[in-house]
Amino acid sequence: EPPHTGRLALYLLGLQATCPPPGPHRSLVTWLKYYLEEDWTGSRRHGRPVTSYYQHGLGVLALCVHRKRVREEVIRRLLTAQHHGRLGHGGNAVDTEAVVALAFTCLERRRLVGAGLAAELRAAARGASRSMAQAQRPDGVIGNIYSTPWALQVFLATGTCQTEPAFGQAVAALLENLEAFGTAATMAQVLPVLHGHSYLDIASMHCGEEPDTLTALDSEPLAEVLGNKTVQLVVECPLPWCYELRLYDRPVPAPAAASLLEVLQAAAALEPHDFKFHAQDTPQGPFLTQVLGLEARQEKRNYWQLLTAPNTPLQMGIADYRPQDGETLILRLSEW
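Residues numbered from 1 in each chain as written. Predicted model: local features only at pLDDT ≥ 70, side-chain atom pairs only at ≥ 80, totals over all residues. Heavy atoms only, no water.

Caption draft 1: Geometry of the pattern of salt bridges. In the structure shown here, the tally under the stated rule is 13 salt bridges. One salt bridge connects Glu120 with Arg76, and the closest N-O pair in it is separated by 3.0 Å. A residue pair is termed long-range when its members are at least 10 positions apart, and Glu120 in helix α7 (residues 115-134) and Arg76 in helix α5 (residues 72-83) qualify at 44 residues. Glu120 gets classed as partly exposed once you look at its relative accessible area, which sits at 34%. Since its relative accessible area comes to 30%, Arg76 is described here as partly exposed. For the salt bridge of Arg322 with Glu262, the shortest nitrogen-to-oxygen distance reads 4.0 Å. In this pair, Arg322 sits in the loop between β7 (312-313) and β8 (328-335) while Glu262 sits in helix α11 (residues 260-270), placing the two residues 60 residues apart along the sequence. Using a relative accessible area of 45% as the deciding quantity, one classes Arg322 as partly exposed. Since its relative accessible area comes to 39%, Glu262 is described here as partly exposed. Bridged by salt links that share partners, the residues Glu37, Arg71, Glu73 and Arg77 form one connected network. (Salt bridge = Lys/Arg side-chain N within 4 Å of Asp/Glu carboxyl O. Helix = DSSP H or I, 4+ residues; strand = E, 2+ residues; numbered from the N terminus. Buried < 20%, exposed > 50% of the residue type's maximum accessible area, 1.4 Å probe, protein only.)

Printed below as a string of structure tokens:
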């Protein structure tokens, strides 16, 4: 089983933000340091962490927020990965580069590295900020809607928010798409940005001055959507992975309120021998990893791209996107 680097890092960031009493969580910080070392055992074979650069960057960031030093070798491996463009594809690349840039900025700001390395980290974080501004789409989104808060955190942490036009455009895009942030993990990414903060600010919180503002709110249940819908589900696998492009193309009946994940489950229940898929749980929700026995793997530099016909990438995950009746959804094995 791979190390739980990313999950533990997010937990420790959240825990520190609640101003916990000193002491009880120290063992968890020690475990995170252990996971970081275990994570790099994969680099001997594959040249990358066992988990991912995203999780590894989160681990370094969480340790820095807890004022713990990280071995220079680990930091330099992240620097090398950034310099050689190994941090992912699409919105995932923005997420990962942003997390790594926040970790670099934290290490430099908290003076947890020497002066020479600090200058390198500062330059790398500034370079990441410029890269994200260049990745901005005409609608203001950077990467995808879920990676946009990460990019904004980098602008805030590096101080470029005041001079970077992409910042205001990205904030406007967030405000227009707040309904997309419906899970605890995605809310935790967007709320600090809307208040002008990044995760780095957790390290400088004055916990004695924090008021108790946690009050329960009465919320009305969401209206139930009745009826059914039919979604045309298509699976595509281009060369070099498959000789036949379209592997699956069939209508799938599902409840009217069904998410894409529930549509996939309905397809699997309808034809258990013909349609199989697997989704991996992540802090951002389930991530599609395998369809019809074809597995997307980081070392193969491929992933399952989600599109609505004819060729529009989805801006939500499989558990959040709710297809319309008659819509055609494409699962396409793609290269990054």
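Caption draft 2: Representation of the confidence of the model for the protein chain. Chain-level statistics for the protein chain give a pLDDT mean of 83 and a share of 87% at 70 or above. Confidence, expressed as mean pLDDT per element, reaches its minimum in the protein chain at helix α3 (residues 43-46) with 61 and its maximum at α11 with 92. (pLDDT = per-residue confidence, 0-100.)

Caption draft 3: Focus on the packing of α7 against helix α8 (residues 148-158). The contact between α7 and α8 brings their axes to 10 Å, and the two run at 135 degrees. With respect to α8, the element α7 is oriented oblique. The handedness of the crossing between α7 and α8 is left-handed. Between α7 and α8, the contacting residues are Ala125, Arg126, Ser129, Met132 and Ala133 on the first element and Ala151, Val154, Phe155 and Thr158 on the second. (Axes fitted to C-alpha atoms, helices over the stretch in contact; angles between N-to-C directions. Parallel < 35°, antiparallel > 145°, perpendicular 65-115°, else oblique. Left-handed = near helix turned anticlockwise from the far one by under 90°. Contact = heavy atoms within 4.5 Å.)

Caption draft 4: Fine view of the sheet that holds β8. Pairing is mixed in the open sheet, where 5 strands are placed in the order β2-β1-β8-β6-β7. Looking along the sheet, the strands with just one partner apiece sit at the ends: β2 (246-255) and β7. Across the sheet, α11 touches β1 (228-236), β2, β6 (302-308) and β8, and the angle it forms with β2 is around 105 degrees. (Pairing = 2+ DSSP bridges.)

Caption draft 5: Structural context of helix α2 (residues 26-39). Between its first and last C-alpha atoms α2 spans 20 Å; for 14 residues at 1.5 Å apiece the expected length is 20 Å, and the two agree. Residues of α2 that are buried make contact with α1 (5-17) and α4 (53-65). (Expected span 1.5 Å × (residues − 1).)

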